Amino acid sequence: MKYDFKQVEPKWQKKWEEAGVFHAQDISDKPKYYNLVEFPYPSGAGMHVGHIKAYSGLEVVSRKRRMQGYNVMFPIGFDAYGLPTENYAIKTGTHPRIVTDRNIEKFTSQLKRVGFSFDWSRVVDTTEESYYRWTQWIFLKMMDHGLVFRDTALVNYCPSCKVVLSNEDSQGGKCDICHSDIVQKSKAVWYLRITEYADKFLEGLETVDYLPNVKQQQVNWIGRSTGAFVNFSLKEIDEKLRIYTTRPDTLFGVTFMVIAPEHPIIEANRDRIRNIDALDAYKEECAKKTEFERTQLVKDKTGVCIDGLTAINPVSGKEIPIYISDYVMMGYGTGAIMAVPAHDERDWAFAKKFGIDIIEVIKGGNIAEGAYTGDGEMVNSDFLNGYTNKKDSIARMLEQLEAEGIGEKGVQYKMKDWAFNRQRYWGEPIPIVHCPHCGIVGVPYEELPLRLPAVENFEPGEGGESPLAKIESFVNCKCPKCGGDAKRETDTMPQWAGSSWYFLRYIDPHNDKALADPEKLKYWLPVDWYNGGMEHVTRHMIYSRFWHKFLYDLGIVPTSEPYAKRTAQGLILGPDGDKMSKSKGNVVDPNDVVDVYGADVLRTYVLFMGDYASAAPWNESSMKGCKRFLDRIGDLVDMISDQSDPKLESAFHKTVKKVSLDIEELKFNTAIASMMDLLNKIYDAGSLTREQLSMLIRIVSPFAPHLAEEMWTDIGGEGFCSLAKWPEWDEAKTVDSTVEVAVQVNGKLRATIALPLNCPKDEAIATAKADPRVAAFVDGKTVIKEISVPNKIVNIVVK
RNA sequence: GCGGGUAUGGCGGAAUUGGCAGACGCGCUAGAUUCAGGUUCUAGUGGGGGCAACUUCGUGGAGGUUCAAGUCCUCUUACCCGCACCA
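Residues numbered from 1 in each chain as written. Chains lettered and ligands numbered in written order. Predicted model: local features only at pLDDT ≥ 70, side-chain atom pairs only at ≥ 80, totals over all residues. Heavy atoms only, no water.

1. Observations concerning the overall build of chain A
Rule in force here: Each helix is a run of H or I in the DSSP string that is no shorter than four residues. Each strand is a run of E no shorter than two, and both are numbered from the N terminus. Throughout, exposure labels follow a simple rule: accessible area from a 1.4 Å probe, protein chains only, divided by the maximum for the residue type, with under 20% read as buried, over 50% as exposed, and the rest as partly exposed. We call two residues contacting when some pair of their heavy atoms lies within 4.5 Å. Working definition of accessibility: Shrake-Rupley area with a 1.4 Å probe, residue cover restricted to the visible protein chains. His is not counted, nor are the chain ends; Lys and Arg add positive charge and Asp and Glu add negative charge. Note that the charge is assigned to NZ on lysines, CZ on arginines, CG on aspartates and CD on glutamates.
Across its full length, chain A holds 25 helices and 28 strands. On the principal axes, the C-alpha backbone points of chain A span a range of 100 × 85 × 50 Å. For chain A, the proportion of its 799 residues judged to be buried stands at 54%. Pairs at least 24 apart in sequence give 72% of the contacts found in chain A among residues at least 6 apart. Total accessible area computed for chain A in this model is approximately 35,100 Å², and 49% of it derives from carbon and sulfur atoms. The distance from the centre of the 98 positive side-chain charges to the centre of the 112 negative ones in chain A is 2 Å.

2. Here's the deal with the packing of helix 6 (residues 198-205) against helix 7 (residues 212-222)
Counted only if it meets this: The axes are straight lines fitted to the C-alpha atoms, using for helices just the contacting stretch, and the angles between their N-to-C directions are given from 0 to 180°. Working definition: roughly parallel below 35 degrees, roughly antiparallel above 145 degrees, roughly perpendicular at 65 to 115 degrees, and oblique for all remaining angles. A clockwise turn of the near helix away from the far one marks a right-handed crossing, whereas an anticlockwise turn of less than a right angle marks a left-handed crossing.
Two elements in contact, helix 6 and helix 7, have axes whose closest approach is 10 Å; the angle formed by their N-to-C orientations is 160°. The angle between helix 6 and helix 7 places the two elements in the roughly antiparallel class. When you trace helix 6 past helix 7, the crossing you get is left-handed. For the pair formed by helix 6 and helix 7, the contact residues are Ala198, Phe201, Leu202 and Leu205 on the first element and Lys215, Gln218, Val219 and Ile222 on the second.

3. Here's the deal with the pattern of salt bridges
For clarity, the cut-off: What makes a salt bridge here is a side-chain nitrogen of Lys or Arg within 4 Å of a carboxyl oxygen of Asp or Glu, nothing more.
Summed over the entire model, instances satisfying the criterion amount to 44 salt bridges. Across the salt bridge formed by Asp528 and Lys32, the nearest N and O atoms sit 2.9 Å from each other. Of this pair, Asp528 sits in the loop between helix 15 (518-524) and strand 21 (529-532) while Lys32 sits in strand 1 (residues 32-37), and the two are 496 residues apart along the sequence. For the pair Asp528 and Lys32, one class covers both residues: buried. In this structure, Lys363 engages Glu377 in a salt bridge whose closest nitrogen and oxygen atoms are separated by 3.9 Å. Here Lys363 is found in the loop between helix 11 (345-354) and helix 12 (390-404), whereas its partner Glu377 is found in the loop between helix 11 and helix 12, with 14 residues between them in sequence.

4. A closer look at the sheet that holds strand 8 (residues 209-210)
For the record, the criterion: Only strands joined by at least two bridges in the DSSP assignment are considered to pair.
Pairing is parallel across the open sheet formed by five strands, whose spatial order is 2-1-21-22-8. Lying at the two open borders of the sheet, with one neighbouring strand each, are strand 2 (71-73) and strand 8. Looking at chain direction, strand 8 and strand 22 (residues 565-568) are connected through two bridges and run parallel. Note that in strand 22 the partner of Tyr210 across the bridge is Arg566. Where helix 2 (residues 49-67) meets the sheet, its contacts fall on strand 1, strand 2 and strand 21, and the angle it forms with strand 1 comes to roughly 170°.

5. Section: the sheet that holds strand 18 (residues 439-442)
To summarise the sheet geometry, strands pair through backbone hydrogen bonds and adopt either a parallel or an antiparallel arrangement. One open sheet holds the four strands; their spatial order is 18-17-20-19, and the pairing between them is antiparallel. Strands with a single pairing partner mark the edges of an open sheet, and in this sheet they are strand 18 and strand 19 (476-478). The mean inter-strand angle of the sheet, taken between neighbouring strand axes irrespective of direction, is 40°. Judged from the three bridges that link them, strand 19 and strand 20 (residues 485-488) form a sheet pairing that is antiparallel. Residue pairing across strands places Lys478 opposite Asp485, the latter belonging to strand 20. Packing against the sheet, helix 5 (residues 129-144) makes contact with strand 17 (432-435) and strand 18, and its axis sits at approximately 130° to strand 18.

6. Some details on the protein's contact with RNA strand B
The cut-off we apply is this: Throughout, near means a residue has at least one heavy atom within 4 Å of the molecule or strand. Polar contact criterion, stated in full: a pair of N or O atoms within 3.5 Å, where within protein one must be able to donate a hydrogen and the other to accept it, and residues adjacent in sequence count only if both atoms are side-chain atoms.
Around RNA strand B sit 50 residues in total, of which Thr246, Tyr327, Arg346, Met609 and Arg628 are the nearest. Interatomic distance of 3.1 Å between a side-chain N/O atom of Thr245 and a sugar or linking oxygen of RNA strand B. Contact between RNA strand B and Lys785: a phosphate oxygen at 3.2 Å from a side-chain N or O atom of the residue. Listing elements by their share of the surface near RNA strand B, those giving two or more residues are helix 7, strand 10 (237-245), helix 19 (620-635), helix 21 (668-685), strand 25 (738-745), strand 26 (748-756), strand 27 (783-789) and strand 28 (793-798). For the surface near RNA strand B, the element with the highest residue contribution is helix 21, accounting for six residues.

7. A closer look at the packing of helix 2 against helix 18 (residues 599-608)
Condition: Under this grouping Gly is polar, as are all residues other than the nonpolar Ala, Val, Leu, Ile, Met, Phe, Trp, Tyr, Cys and Pro and the charged Asp, Glu, Lys and Arg.
Helix 18 packs onto helix 2 with a crossing angle of 95° between their chain directions and a minimal axis gap of 9 Å. The pairing of helix 2 with helix 18 is recorded here as roughly perpendicular in orientation. Every residue of helix 18 that contacts helix 2 at Val49, Ile52, Lys53, Ser56, Gly57, Glu59, Val60 and Arg63 is listed here: Leu602, Arg603, Val606 and Leu607. Among the residues forming the contact of helix 2 with helix 18, the class breakdown is six nonpolar, two polar and four charged.

8. Considering the confidence of the model for chain A
Any region with low pLDDT has predicted coordinates that should not be read closely. To be explicit about the condition: As a per-residue quantity, pLDDT reports the predictor's confidence and falls between 0 and 100.
Looking at chain A as a whole, the pLDDT averages 90, with 95% of positions reaching at least 70. This prediction of the complex comes with two scores: 0.92 for pTM and 0.94 for ipTM.

9. What to know about helix 2
For the record, the criterion: Under the convention used throughout, the expected extent of a helix is 1.5 Å for every residue step, that is, one less than its residue count. A residue's bend is given by the angle between axes fitted to the 7 residues ending at it and the 7 residues starting at it.
The terminal C-alpha atoms of helix 2, which comprises 19 residues, lie 26 Å apart, in line with the 27 Å expected from a rise of 1.5 Å per residue. At Ser56, helix 2 shows its largest kink, close to 30°. In the stretch just after helix 2, Gly69 is the one whose phi turns positive, near 95°.

10. Thoughts on the nonpolar core
Here is the rule we go by: Here, the term nonpolar core denotes a set of buried Ala, Val, Leu, Ile, Met, Phe, Trp, Tyr and Cys residues that are joined through side-chain atoms within 4.5 Å.
Judged by nonpolar contacts, the single largest core of 82 residues is most densely connected at Phe546 and Trp547. Per-element tally for this core: the top contributor is helix 5, with nine residues. Leaving out residues up to four positions away in the same chain, Trp547 has contacts with Thr135, Ile138, Met142, Leu192, Trp418, Phe420, Ala497, Ser500 and Trp501. Formed by 78 residues, the second largest nonpolar core is a distinct cluster that contains Leu630, Leu693, Ile697 and Ala704.

11. Topic: the environment of Ser62
Examined against the element boundaries, Ser62 turns out to sit in helix 2. Judged by its relative accessible area of 0%, Ser62 is buried. Residues Ser62 and Leu696 lie 634 residues apart in sequence; the distance between their C-alpha atoms is 18 Å. The contact partners of Ser62, leaving out residues within four places of it in the chain, are Asn35, Val72, Phe74 and Ser117.

12. Concerning the side chain of Asp125
Relative to the elements of secondary structure, Asp125 occurs in strand 4 (residues 124-125). For Asp125, a relative accessible area of 6% translates into the label buried. Setting aside its immediate chain neighbours within four residues, Asp125 contacts Phe78, Ala80, Arg97, Ile104 and Tyr131.

13. Thoughts on helix 7
Side chains that are three or four residues apart share a direction in an α-helix, a result of its 3.6 residues per turn. Basically, it comes down to this: Summarising the geometry, the arc corresponds to the directions from the helix axis toward the C-beta atoms.
When helix 7 is considered as a whole, its buried residues turn out to be Val214, Gln218 and Ile222. The arc that holds every buried residue of helix 7, seen down its axis, measures 70°, which confines them to one face. In this structure, the buried side of helix 7 is in contact with helix 6, strand 8, strand 9 (224-234), strand 15 (407-413), helix 16 (539-553) and strand 22. Backbone geometry just after helix 7 places Gly223 at a positive phi near 55°.

14. Regarding the packing of aromatic side chains
Counted only if it meets this: Any two of the Phe, Tyr and Trp rings considered here, Trp counted by its six-membered ring, make a pair once their centres fall within 6.5 Å; the pair's planes then place it as stacked at under 30 degrees, edge-to-face at over 60, or tilted in between.
Within this structure, the stated rule accounts for 45 aromatic pairs. Ring geometry for Tyr197 versus Phe201: centroids 6.4 Å apart, planes at 35°, classification tilted. Take Tyr197 and Phe201: they sit in the same class, and that class is buried. Aromatic pair Phe256 and Phe350: ring centres 5.5 Å apart, planes at 20°, arrangement stacked. One end of the pair, Phe256, is in strand 11 (residues 256-259); the other, Phe350, is in helix 11, with 94 residues separating them in the sequence. On the basis of relative accessibility, which here comes to 0%, the residue Phe350 falls in the buried class.

In structure tokens form, the structure reads like this:
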């Protein structure tokens with residue numbers, strides 16, 4: 001039976017949609033299963049086959065779960081705010097709303113052509129008012145709970161575009177838009193206090209089933225370290241310089257201090273510092289350095305000694321100089337460090353360059369050659385001398401610091417608070433009003449959504465201001481508190497806002513009273529399985545865990561973690577082995593593949609091409625193998641007979657077992673391979689029973705659902721194959737009565753013999769020795785050892 | 001620099017977790033079908049040697065443990081990903 005996929009595939013897609021086959025039931029007696037895939041950013045380029053691979057994994061799991069009797073939710077939506085759309089709008093003068101709608105339409109049609117079993121009644125679009133109203137609502141809740149604050153910080157600024165850029169948009173120190181050099185600029189920005197949840201993120205990781213490397217990356221990203229804060233006294237000034245260190249026990253080796261160029265102590269003591277001009281000049285130089293230069297010049301330390309401020313080592317009482325240098329960051333710890341040149345590579349390089357004393361306090365290295373960062377006995381350290389265990393010496397020093405009131409235990413995180421604004425048009429307006437009397441006031445909840453006003457010019461303003469700043473009717477408003485004249489915040493939320501809670505909205509997408517109904521949230525949460533790209537493991541995953549945990553603390557969601565399980569798929573590379581990109585011209589459009597081969601072949605191929613989690617290059621001729629496979633499956637309808645080869649029966653049960661288990665581990669390539677293997681066996685046998693074919697159709701259906709439905713109809717199956725019962729295997733039938741056992745002599749394969757299942761050891765060895773091919777190597781020699789692993793191998797060791 | 005990972009035929013990749021390396025697919029070779037291209041079918045296909053049965057070498061490299069190593073241990077090389085002056 002060769003069928004015309006061009007006619008058959010749309011036919012079944014229509015039937016599925018009309019019957020609502022893939023609609024999740026809100027509340028049901030069936031067990032629920034919530035599969036989540038990362039919703040796409042609807043770019044103008046449309047989807048490429050990488051999206052198809054990303055969705056095909058849980059698509060197969062979802063289809064299998066439905067057939068196993070679960071009430072499955074497998075939703076899709078669009079993460080539609082973002083720079084590319086806005087840049088396109090600037091270039092062409094088309095409103096981002098129009099561009100977005102057009103792109104969503106294109107993505108939708110592409111996804112539907114592939115026959116994904118998404119619940120299309122639950123589509124969310126982050127740029128719709130009914131959605132971003134709740135994004136703003138959650139933001140205001142965070143503000144109510146003290147998680148929103150404003151601070152002045154260094155930001156990436158493109159002097160050419162006059163735009164503040166995120167780190168993601170300024171990689172390599174170049175502007176993503178015009179490729180000119182980025183400078184660091186001081187600007188007031190909004191922050192979400194995500195660090196408040198740092199320990200909760202770490203604790204939560206113990207309770208979820210994420211891939212080990214996913215967990216590891218999150219742990220590294222959070223970067224928890226324990227150590228101590230120490231307050232250094234300053235000579236002649238009643239002020240302390242506070243530092244953070246992980247090795248307080250090296251305090252006796254401190255010979256100087258370094259503070260970040262932006263450290264406030266400089267401004268506070270301007271008149272006391274005699275070389276303030278030199279410091280200012282250095283500071284300016286640092287601001288000009290691009291990210292690229294800063295990372296390239298790691299080895300070559302620069303800095304200026306502060307003339308006029310001197311610190312005192314709190315344990316030795318020695319006077320030590322203070323430097324400013326850009327190797328100390330304002331954003332980590334306190335923006336100041338105690339330098340221990342003998343045991344820190346950066347401090348060592350700095351001390352060498354500036355001729356500062358280097359005092360050894362841990363024995364074991366040669367500090368004339370370089371810093372020693374290993375363990376060893378403490379020396380030159382007064383009461384710590386003789387300690388050899390790091391833990392003990394740190395504990396002893398902490399005790400001392402706390403007793404004298406000059407320091408205490410402390411914890412630091414690499415993770416920083418979340419800079420939560422962009423000077424851009426195409427994003428959620430931040431619902432805040434600046435009132436000259438009341439200060440910062442949140443927009444009242446009943447006024448949400450705070451609508452994004454229509455504008456004609458989307459270009460950012462001078463000095464990196466949002467395009468919204470030019471809309472007077474938007475900017476000027478009344479203070480919600482006092483009613484006086486006030487101005488609206490004109491920045492918008494960053495790209496990552498809308499995606500931080502979309503999985504909650506799927507549960508109740510049309511609710512206009514709440515972000516979702518509590519009963520429904522209780523039924524559906526947590527997401528049972530979330531699959532996506534490794535690139536989202538730190539940012540998006542942490543951000544959304546943050547929002548979810550916050551909502552949990554408020555009692556809005558019933559689980560402390562949003563995702564019970566997280567896996568990741570590998571990229572599809574271009575046919576040339578490079579990452580697919582428009583500029584390289586190696587992008588494969590799924591529409592082109594569907595046109596020529598059909599959706600079933602595309603779906604099967606993206607899962608067959610290699611290990612699901614690894615990257616693999618696109619290879620069109622290899623895809624032809626999948627087409628052959630499906631064509632040959634289709635032909636089986638003509639091979640039905642009342643009798644079939646008895647050997648096939650166990651092959652069927654083995655295959656059903658393998659496919660069932662492999663799907664659970666995302667091992668689709670071997671699942672498909674085992675079905676191909678079975679198919680070869682069927683062709684060898686020449687016929688199969690209707691019942692066997694029914695089984696095969698059902699296990700093929702998650703991969704090639706259109707073909708499966710068509711064949712299901714042909715063999716008189718009831719209802720939709722997509723909702724038919726997933727076949728079960730009979731474990732007893734997956735084992736053969738005789739097994740092939742390899743026989744080795746001295747570890748080298750000499751023969752294979754057929755033995756009954758679970759043949760006793762003695763018998764197996766005797767049979768093996770009787771084989772002439774084995775006897776040739778054994779006869780006339782002394783047998784030293786005989787090993788027999790049941791059903792696997794016999795090894796005879798001779799001399 | 002830190003963290004994670006990978007390395008198996010001409011190619012993508014398998015290998016029940018220490019037990020017959022190369023499943024499955026692509027490609028290739030020969031043959032059949034075809035006016036021809038494509039399709040389809042049959043047989044073969046890791047390297048060396050041999051007409052053949054067979055034999056020998058073989059999982060980035062060097063050692064080691066074991067009756068037995070792609071798999072475990074030590075050292076080493078190359079590449080990929082994430083973070084990066086994190087005190």
